[in-house]
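Okay, here's what each chain looks like letter by letter:
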Amino acid sequence: MTTATLEKKGLVNVLSSWCLLAYDIPAKERKKRSDFLKRARALGAMKFTQSVYLLPNTPDTYHEAEELAALGEAYLWVSEIKEGEAFKVTQSFHASLTLRLAAIHNRIARIASHLEAGRVFIAYRMAIKTATMLQRVWKLAKASGFEDLVPQVEATVETLKGMMEGKGGGGL
């Protein structure tokens, strides 16, 4: 696939090296399974199959995935995939980050509603978690070379920051 074709699709950087996190936690161990899934999602991992999550293979994501796998009953390995498949997986990961950013925008709208209603404490708590989510999306977009997402995330950070500073939130 040519660079021009990739640029049209917003993906100049096709990722061929991925961290795969597979877990084998029985459904009857609900708490352990739930904790693993919550932490995998918090890392920004994309669900690939029923029990496999993917992250781009960077030193940071590898280290974080390694820590998660070390909790037990989860396995980590790195895989190189061929170009055609790499494009599809990269496209899916890009889409998952785009969806995360949309969910963050929804959270910001809820934060604004709380601020308008005078529920500053609730808004502030939500803003802290939202800032953490934004940081993760920014880090993954940057590490993945998704230069189309980086400015969107940065603009969203400024929106959230301005909203909280404007309502006496004291900044984030």
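Our subject in this report is the structure included herewith. All values derive from a computational prediction rather than experimental measurement.

**Structural notes on the overall build of the chain**
(1) Moving on: In terms of helices and strands, the chain carries six helices and four strands.
(2) Moving on: Element order for the chain, N to C, with α for helix and β for strand: α-β-α-β-β-α-β-α-α-α.
(3) Moving on: Looking at the chain as a whole, 39% of its 172 residues qualify as buried.
(4) Moving on: The long-range share in the chain, meaning contacts at least 24 apart out of those at least 6 apart in sequence, stands at 72%.
(5) Moving on: Working note: accessible area of the chain is about 9,600 Å², and carbon and sulfur atoms make up 56% of it.

**Some thoughts on the sheet that holds strand E1 (residues 17–23)**
(1) Moving on: What the four strands build is an open sheet, ordered E2-E3-E1-E4; its pairing is antiparallel. Of all the strands in the sheet, just strand E2 (46–49) and strand E4 (74–80) have a single pairing partner and so form its edges. Strand-to-strand twist of the sheet, defined as the mean angle between neighbouring strand axes without regard to direction, takes the value 35°.
(2) Moving on: Examined bridge by bridge, E1 and strand E3 (residues 52–56) share five bridges and lie antiparallel to one another. If you follow Leu21 over to E3, its bridge partner there is Tyr53.
(3) Moving on: Docked against the sheet, helix H3 (residues 59–69) engages E1, E3 and E4, running at close to 150° with respect to E4.

**Concerning H3**
(1) Moving on: Those residues of H3 not exposed but buried are Thr61, Glu64, Ala65, Leu68 and Ala69. The arc that holds every buried residue of H3, seen down its axis, measures 140°, which confines them to one face.
(2) Moving on: Looking at the buried positions of H3, the neighbouring elements they touch are E1, helix H2 (30–43), E3, E4 and helix H5 (120–144).

**Some points on helix H6 (residues 149–166)**
Each α-helix winds once per 3.6 residues, and so residues spaced three or four apart point in a common direction.
(1) Moving on: Compared with the 26 Å implied by 1.5 Å per residue over 18 residues, the 26 Å span of H6 between its first and last C-alpha is a close match.
(2) Moving on: Within the span of H6, buried status applies to Leu149, Val150, Val153, Thr156, Leu160, Met163 and Met164. Down the axis of H6, the buried set is contained in an arc of 155°. They therefore lie on one face.
(3) Moving on: Looking at the buried residues of H6, the elements they touch are helix H4 (83–116) and H5.

**Topic: the packing of aromatic side chains**
The description of two aromatic rings rests on the distance between their centres and on the angle between their planes.
(1) Moving on: Here the structure, examined in full by the defined rule, presents four aromatic pairs.
(2) Moving on: Arranged with centres 4.9 Å apart and planes meeting at 40°, the rings of Tyr23 and Phe36 form a pair that is tilted. Of the two residues, Tyr23 sits in strand E1 while Phe36 sits in helix H2, which places them 13 residues apart along the sequence. Of the two residues examined, Tyr23 and Phe36, each falls in the buried class.
(3) Moving on: Each ring, one from Phe93 and one from Phe146, has its centre 6.4 Å from the other, and the planes form 45°; the classification is tilted. Here Phe146 lies in the loop between H5 and H6 and Phe93 lies in helix H4, a separation of 53 residues in the sequence.

**Things to note about the pattern of salt bridges**
(1) Moving on: Summed over the entire model, instances satisfying the criterion amount to six salt bridges.
(2) Moving on: Across the pair Lys139 and Glu64 runs a salt bridge, and its minimum N-O distance is 3.1 Å. Note that Lys139 is positioned in helix H5 and Glu64 in helix H3, a separation of 75 residues in sequence.
(3) Moving on: On the accessibility criterion, Glu64 (17% relative accessible area) is buried.
(4) Moving on: We note a salt bridge from Glu85 to Lys88, for which the minimum N-O separation is 3.5 Å. You can see Glu85 and its partner Lys88 sitting in helix H4, three residues apart, about one turn around the helix.
(5) Moving on: Classification of Lys88 by relative accessible area gives partly exposed; the value is 47%.
(6) Moving on: Through salt bridges that share partners, Asp60, Glu64, Arg136 and Lys139 make up one connected network.

Analysis parameters
Residues numbered from 1 in each chain as written. Predicted model: local features only at pLDDT ≥ 70, side-chain atom pairs only at ≥ 80, totals over all residues. Heavy atoms only, no water. Helix = DSSP H or I, 4+ residues; strand = E, 2+ residues; numbered from the N terminus. Buried < 20%, exposed > 50% of the residue type's maximum accessible area, 1.4 Å probe, protein only. Contact = heavy atoms within 4.5 Å. Areas by Shrake-Rupley, 256 points an atom, 1.4 Å probe, with all protein chains shown as cover. Pairing = 2+ DSSP bridges. Axes fitted to C-alpha atoms, helices over the stretch in contact; angles between N-to-C directions. Arc of directions from axis to C-beta. Expected span 1.5 Å × (residues − 1). Phe/Tyr/Trp six-rings, centres within 6.5 Å; stacked < 30°, edge-to-face > 60°. Salt bridge = Lys/Arg side-chain N within 4 Å of Asp/Glu carboxyl O.

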